[in-house]
Amino acid sequence: MGKATEYETKRILPRIEAILSVEEDRKCELRTWIRQRKFEDDLASFYAISE
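As the structure is a computational prediction, the values presented were derived from the model and not from experiment. (Residues numbered from 1 in each chain as written. Predicted model: local features only at pLDDT ≥ 70, side-chain atom pairs only at ≥ 80, totals over all residues. Heavy atoms only, no water.)

Student: Got a sec to walk through the overall build of the protein? Specific residues and values, please.
Tutor: Summing up its helical and strand segments, the protein has three helices and zero strands in all. When the elements of the protein are put in sequence order from the N terminus, they spell out α-α-α. Taking 10 Å as the expected radius of gyration for a compact globule of 51 residues, we find that the protein reaches 10 Å, a close match to that expectation. Here the protein holds 51 residues, and the buried ones make up 25% of them. The contacts of the protein with a sequence gap of at least 6 include a subset with a gap of at least 24, amounting to 72%. (Helix = DSSP H or I, 4+ residues; strand = E, 2+ residues; numbered from the N terminus. Rg over C-alpha atoms; globule rule 2.2 N^0.38 Å. Buried < 20%, exposed > 50% of the residue type's maximum accessible area, 1.4 Å probe, protein only. Contact = heavy atoms within 4.5 Å.)

Student: Please set out the pattern of salt bridges residue by residue, giving values where relevant.
Tutor: Here the structure, examined in full by the defined rule, presents three salt bridges. Between Lys27 and Glu24 there is a salt bridge; the shortest N-O distance is 3.2 Å. A relative accessible area of 24% means that Lys27 is categorised as partly exposed. Arg26 is the partner of Glu29 in a salt bridge, and the nearest nitrogen-oxygen pair spans 2.8 Å. Looking at Glu29, the relative accessible area reads 46%, which means it is partly exposed. A residue is classified by how much of its surface remains accessible, and Arg26, at 42% relative accessible area, is partly exposed. (Salt bridge = Lys/Arg side-chain N within 4 Å of Asp/Glu carboxyl O.)

The following block contains the structure:
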């Protein structure tokens, strides 16, 4: 599986936040952390199985 597209990333981040029960004021922090850590391969896999 390749890297997640920007579309896939934008669709999957709210699902990850919901699964992790992220508080509203911490969502930006989580999104930044995920993008900085380069989890595109993992995001693509998660997107594929969640669709």
